[in-house]
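Okay, here's what each chain looks like letter by letter:
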Amino acid sequence: METSIGDVNAKWPESNDVGCPPCNKSVNGILQNAPVAISAVGGATLGRHLARRLVQVGVRDVFSVPGDFNLALLDYLVAEPELNLVGCCNELNAGYAADGYARSKGVGACVVTFTVGGLSVINAIAGAYSENLPVICIVGGPNSNDYGTNRILHHTIGIPDFTQEQRCFQTVTCAQAIVKNLDDAHELIDHAIATALMESKPVYISISCNLPAIRHPTFSYEPVPFSLSPRLSNPNSLGAAVEMTAEFLNAAVKPILVGGPKLRVAKARDAFAGLVDASGYAYAVMPSAKGQVSENHSHFIGTYWGAVSTAFCAEIVESADAYLFAGPIFNDYSSVGYSLLLKKEKAVIVQPNRVTIGNGPTFGCLLMKDFLEALAKKLKHNKTSVENYQRIFVPQGTPLRSAPDEPLRVNILFKHIQDMLSNDTAVIAETGDSWFNCQKLRLPEKCGYEFQMQYGSIGWSVGATLGYAQATLDKRVIACIGDGSFQVTAQDVSTMIRWGQRTIIFLINNGGYTIEVEIHDGPYNVIKNWNYTGLVDAIHNGEGKCWTAKVKTEEELIEAIKTAQGPKKDCLCFIEVIVHKDDTSKELLEWGSRVSAANSRPPNPQ
């Protein structure tokens, strides 16, 4: 039988069954003239199965950008009554939104199209991987009949190899599933979702565009409830690690605890809090773990960030004769250019599945949660580090009120943001000086806090704010975003308005990439100024609830906040804050110089 170039092999006769192959023919080896057990339209199909699986693992909102390869799949996500399909302006923001959603809900999902969508969203997926977030990235793939042929498809780089996208995702996901055959689709999808949840990392699922609507006996109308076998600690390893750590810490005079970002992935936040109470030690938090532990306990001493730590915190941590770090990440940013004054022989490093004590042994096959709970029962109560901190502590002053019509200062802005915080709010801090200013905020109990420190992708916060706010409807999100970062991903303010979100965005307009200025200045750090409130007004376009303001003085700021929390409390509020280009935190100045020194180290002698 001849086939013309560019024609799809049309050997199937016409069928009136929408989404189904003709009778008496087979797809992937399954005869289609057998009786269909599920009579409901769209019943036992791949699309239905995937939609129900997402609901079962906790996803209620899927962030998407439509493309011709994923349209049939999107129909099933739209049809699922327990899912919202949140259309985004671009794939990068869809990925960032899934990242923000996963931070609140424990899992997120996005759907894009083949290659042009996948290679656009991949930067956000890499960020989620670095932050240990289970994001399910679903891509609408080529028709299953095109695999193994020599056809060249659109949305590719012009070669008949469809694996380019998958190969790109291999290094930023913990599992990849290429669903092009209904026989193993059930297994591939469930395995990928399970792996994302167990590893707390993103996964990649590609689904051929012609498969979502086809019924198959491996799918039931209501999938069997999803469950995972719990991980368990090896009791021998756990017992030995606890005994040796307790002996190590009980012998110390002034031990201290420090919480790290991996407390979240280890689900050990409550266990860490219990250890604080049982031990009596003072405790601090690493910058990337802010929001993971309570800041209202009498033993809390602030953020440990080397030379840019909260006042008096670094002195207590670095002078301790033993310190336990729970879930730390020590990179060039968190170590302030590798300048922390810590000694390995004094440290107990607790990671999600292993413990290392000083220069001595490492114990594996145990869970951080189990370890901290067991250790709490073995430690002697010791308040020495708390008492030392209380002796040297001097309360921090508050910025003086501005004079009438005096240009607004950044420290004044954050003084007022501090007053806005409650258990009904959450803070999103963009990469830049907001990192340092937001670190100084004292979070009320149950106030959310998120930022992306490991990956540090500017623009992350716009999409992440969208996703976090969609996941956390009972909190009002306060996002602090620099002008340079906002220019990268501004479009999805549109999606926030469309979905009726009540976020308050403080757009800090200082004319450029301030964090990069302090690392290495140059003309490339100066950006074109926008009329940011005018842009958001244009995006609003009279549809939905949105209010904007531009403030240049403290008086204008106070009035804007009053409006945002009063008559405009049910609106998206966008407040552009005009500040001087050199108005930065002292912490950024110190941190930038140290990171610059680390970046500019000369090559080692060859």
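Reading guide: rules and limits
Residues numbered from 1 in each chain as written. Predicted model: local features only at pLDDT ≥ 70, side-chain atom pairs only at ≥ 80, totals over all residues. Heavy atoms only, no water. Helix = DSSP H or I, 4+ residues; strand = E, 2+ residues; numbered from the N terminus. Rg over C-alpha atoms; globule rule 2.2 N^0.38 Å. Buried < 20%, exposed > 50% of the residue type's maximum accessible area, 1.4 Å probe, protein only. Areas by Shrake-Rupley, 256 points an atom, 1.4 Å probe, with all protein chains shown as cover. Salt bridge = Lys/Arg side-chain N within 4 Å of Asp/Glu carboxyl O. UniProt positions renumbered as here; feature names shortened; annotations may be inferred. Contact = heavy atoms within 4.5 Å. Pairing = 2+ DSSP bridges. Right-handed = clockwise from strand over helix to strand, strands pointing away. Domains from an automatic or database assignment. Buried area = accessible area lost by both parts, 1.4 Å probe. Core = buried A, V, L, I, M, F, W, Y, C linked by side-chain atoms within 4.5 Å. Phe/Tyr/Trp six-rings, centres within 6.5 Å; stacked < 30°, edge-to-face > 60°.

*Asks:* So what's going on with the overall build of the protein chain? Residues and values would help.
*Replies:* Within the protein chain, the regular secondary structure consists of 20 helices and 21 strands. Expected size for 606 residues packed as a compact globule is a radius of gyration near 25 Å; at 27 Å, the protein chain falls within 12% of this value. Scored against the burial criterion, the 606 residues of the protein chain give a buried share of 53%. Accessible area for the protein chain stands at about 26100 Å²; split by element, carbon and sulfur atoms hold 52% of it.

*Asks:* Describe the pattern of salt bridges, with residues and values.
*Replies:* Applying the stated rule across the entire model yields 22 salt bridges. In this structure, Lys290 and Glu295 form a salt bridge, with 2.8 Å as the shortest nitrogen-oxygen distance. There is no split in this pair, since Lys290 and Glu295 are both buried. A salt bridge links Glu576 to Lys550; the nearest nitrogen and oxygen atoms lie 3.7 Å apart. Here the residue Glu576 occupies a position in strand E21 (residues 572-578), and Lys550 occupies one in strand E20 (residues 546-551), the gap between them amounting to 26 residues. The class of Glu576 is buried, set by a relative accessible area of 1%.

*Asks:* Summarise the UniProt feature "binding site: Mg(2+)" (unreviewed entry) in the protein chain; cite the residues concerned and give the values.
*Replies:* Feature annotation in UniProt assigns "binding site: Mg(2+)" (unreviewed entry) to the following positions: Asp483, Asn510 and Gly512. On the basis of their most widely separated C-alpha atoms, the annotated residues across 30 residues gather in one place, lying no more than 7.0 Å apart. In this fold, Asp483 is placed in helix H15 (residues 483-489). Residue class for Asp483 comes out buried when judged on its relative accessible area of 0%. For Asp483, the contacting residues outside a window of four places in its chain are Leu507, Ile508, Asn509, Asn510, Gly511, Gly512, Ile527 and Tyr532. Apart from the residues lying within four places of it in its own chain, the contact partners of Asn510 are Asp483, Val579, His580 and Lys581.

*Asks:* Which residues make up the pairing of strand E7 (residues 176-179), and what values do they have?
*Replies:* Side chains Ala177 and Val179 project from E7 onto a buried face, and the interleaved Gln176 and Ile178 project onto a face without burial. Alignment of E7 against strand E8 (residues 203-208), held across 4 bridges, turns out to be parallel. Counted as the bridge partner of Gln176 is Tyr204 from E8. Crossover handedness for the path E7 to helix H6 (residues 182-199) to E8: right-handed.

*Asks:* Describe the domain arrangement of the protein chain, with residues and values.
*Replies:* Accessible area lost on assembly of the parts is the figure often given for the size of an interface. Per the domain assignment, the segments making up the protein chain are domain 1 (46-208), domain 2 (235-392) and domain 3 (410-592). Between the C-alpha centres of domain 2 and domain 3 there is a distance of 32 Å. Counting residues at the interface gives 18 residues for domain 2, matched by 18 residues for domain 3. Of all residues in domain 2, Lys290, Trp305 and Tyr333 give up the largest surface area on contact with domain 3, accounting jointly for 36% of the area buried on that side. For the interface between domain 2 and domain 3, the tally reads 1 salt bridge.

*Asks:* An account of the nonpolar core is requested, with residue identities and associated values reported.
*Replies:* Ranked by internal contacts, the top residues of the largest apolar core, which has 100 residues, are Phe63, Phe414, Ile417, Phe486, Phe506, Ile575 and Trp591. Once residues within four sequence positions are removed from consideration, Ile575 is found in contact with Ile504, Ile505, Phe506, Leu507, Trp547, Ala549, Val551, Ala560 and Ala564.

*Asks:* Explain the environment of His186 residue by residue, including any values.
*Replies:* Looking at the element boundaries, His186 is found in helix H6. For His186, a relative accessible area of 25% puts it in the partly exposed group. In the structure, His186 is positioned 62 residues away from Phe248 in sequence and 49 Å away in space, judged by C-alpha atoms. Excluding residues that lie within four positions of it along the chain, His186 makes contacts with His49, Arg53, Thr218 and Phe219.

*Asks:* An account of the packing of aromatic side chains is requested, with residue identities and associated values reported.
*Replies:* By the definition in use, this model includes 23 aromatic pairs. On the basis of an interplanar angle of 35° and a centroid distance of 5.3 Å, the ring pair of Tyr389 and Phe393 is categorised as tilted. Phe393 sits in the partly exposed class, given a relative accessible area of 39%. Look at Phe486 and Phe574: their rings are 5.5 Å apart centre to centre, the planes differ by 45°, and that puts the pair in the tilted class. Residue Phe486 is found in helix H15, and its partner Phe574 is found in strand E21; the two are separated by 88 residues along the sequence. Each member of the pair, Phe486 as well as Phe574, is classed as buried. Through successive ring pairs, a cluster of aromatic residues spans Trp305, Tyr333, Trp435, Phe436, Tyr449, Phe451 and Trp591.

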